[in-house]
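# Architecture and fold: a report
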Amino acid sequence: MSSSDLVNKEERQKLHYKMLSELQSMARELPGKYQQRLPYDLLSSLASSLLDGTVFDITRSLKEVQHLEEKALFTQRLRLINEHKAQRHEMQKKHKELLQQNQSKPHNLPLVEAQVEREMKTLEKRCEDELRRRDVKVMQELDKKVMDQQGLLEKAGVPGFFVTNARQETQLQMYLLDFICRLSRNHAPP
């Protein structure tokens, strides 16, 4: 082994110990039930997987894609809300005209007012249902995205990652991702 290989190996070893120490420190900040799920071996393996910077690049890309998708989903939701506002406005305008047309017909006014109220309630219910269905669809899309990310990180060989929808496992993986992001600020290659 040449002296430069030896120096390289020592530098990697120092970096590994430094990252491992930082990971252990971060793990101590977590609630107890998660601390005990992050043994030394897992943290050491995670530190080793971070040495070449590939995992930092992968997580940065995943984060960027997720932000773009969240923004698109939020925009779609806003568009639906604005469509509902426009529908409400049109209906209110129609109702106002209808009420004005029937001002001179007092015998019709109670019927028209009841019709107006029914139509508004129906519209409100439909808008609420559409928004609820849209929100459920968004949650399902986000859950699928989480599982896709878990699968990608697992295939990349990042310790602690596997596809799951178990809340505690997902939360632990979120903590690990946070650790990786925090370490990337100080240790990611330029």
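Residues numbered from 1 in each chain as written. Predicted model: local features only at pLDDT ≥ 70, side-chain atom pairs only at ≥ 80, totals over all residues. Heavy atoms only, no water.

Per an unreviewed UniProt entry, the chain carries the name Protein DGCR6 and comes from Batillaria attramentaria.

### Some points on helix α6 (residues 167-187)
Test applied: A run of H or I in DSSP becomes a helix once it reaches four residues, and a run of E becomes a strand once it reaches two; helices and strands are each numbered from the N terminus. Expected span of a helix: the number of residues minus one, times 1.5 Å. Here the term buried applies to any residue with accessible area under 20% of the maximum for its type, exposed to any over 50%, and partly exposed to those in between, with areas from a 1.4 Å probe on protein chains only. We call two residues in contact when some of their heavy atoms are within 4.5 Å.
The terminal C-alpha atoms of α6, which comprises 21 residues, lie 30 Å apart, in line with the 30 Å expected from a rise of 1.5 Å per residue. Turning to α6, its buried residues number three or more, namely Glu169, Thr170, Leu172, Gln173, Leu176, Phe179, Ile180, Cys181, Leu183, Ser184 and His187. Packed against the buried residues of α6 are α1 (3-28), α2 (32-35), α3 (40-50), α4 (54-101) and α5 (109-155).

### Re the packing of α1 against α3
Short version of the rule: Note on definitions: angles span 0 to 180 degrees between N-to-C directions of axes, and those axes are lines fitted to C-alpha atoms, for helices only across the stretch in contact. Working rule for angles: under 35 degrees goes down as roughly parallel, over 145 as roughly antiparallel, 65 to 115 as roughly perpendicular, anything else as oblique. Crossing handedness is read from the near helix: turned anticlockwise from the far helix by less than a right angle, it gives a left-handed crossing, and turned clockwise, a right-handed one. Classes in brief: Ala, Val, Leu, Ile, Met, Phe, Trp, Tyr, Cys and Pro nonpolar; Asp, Glu, Lys and Arg charged; the others, Gly included, polar.
Look at α1 against α3: their axes get within 9 Å of each other, and the N-to-C directions meet at 130°. Taken as axis vectors, α1 and α3 run oblique relative to one another. Considering only the axes of α1 and α3, their crossing is right-handed. Contacts from His16, Met19, Leu20, Leu23, Gln24 and Ala27 of α1 reach α3 at Tyr40, Leu43, Ser44, Leu46, Ala47, Ser48 and Leu50. In terms of residue class, the contact of α1 with α3 is built from 9 nonpolar, 4 polar and no charged.

### Re the pattern of salt bridges
We count it as follows: One side-chain nitrogen of Lys or Arg within 4 Å of one carboxyl oxygen of Asp or Glu is enough to make a salt bridge.
Enumeration over the complete set of coordinates arrives at 14 salt bridges. One salt bridge in this structure joins lysine 18 and glutamate 22, with 3.3 Å as the shortest N-O distance. Here glutamate 22 and lysine 18 lie together in helix α1, a separation of 4 residues that amounts to about one turn. With a shortest N-O distance of 2.8 Å, arginine 126 and glutamate 130 are connected by a salt bridge. One end of the pair is arginine 126 and the other is glutamate 130, both in helix α5 and 4 residues apart, which spans about a single turn.

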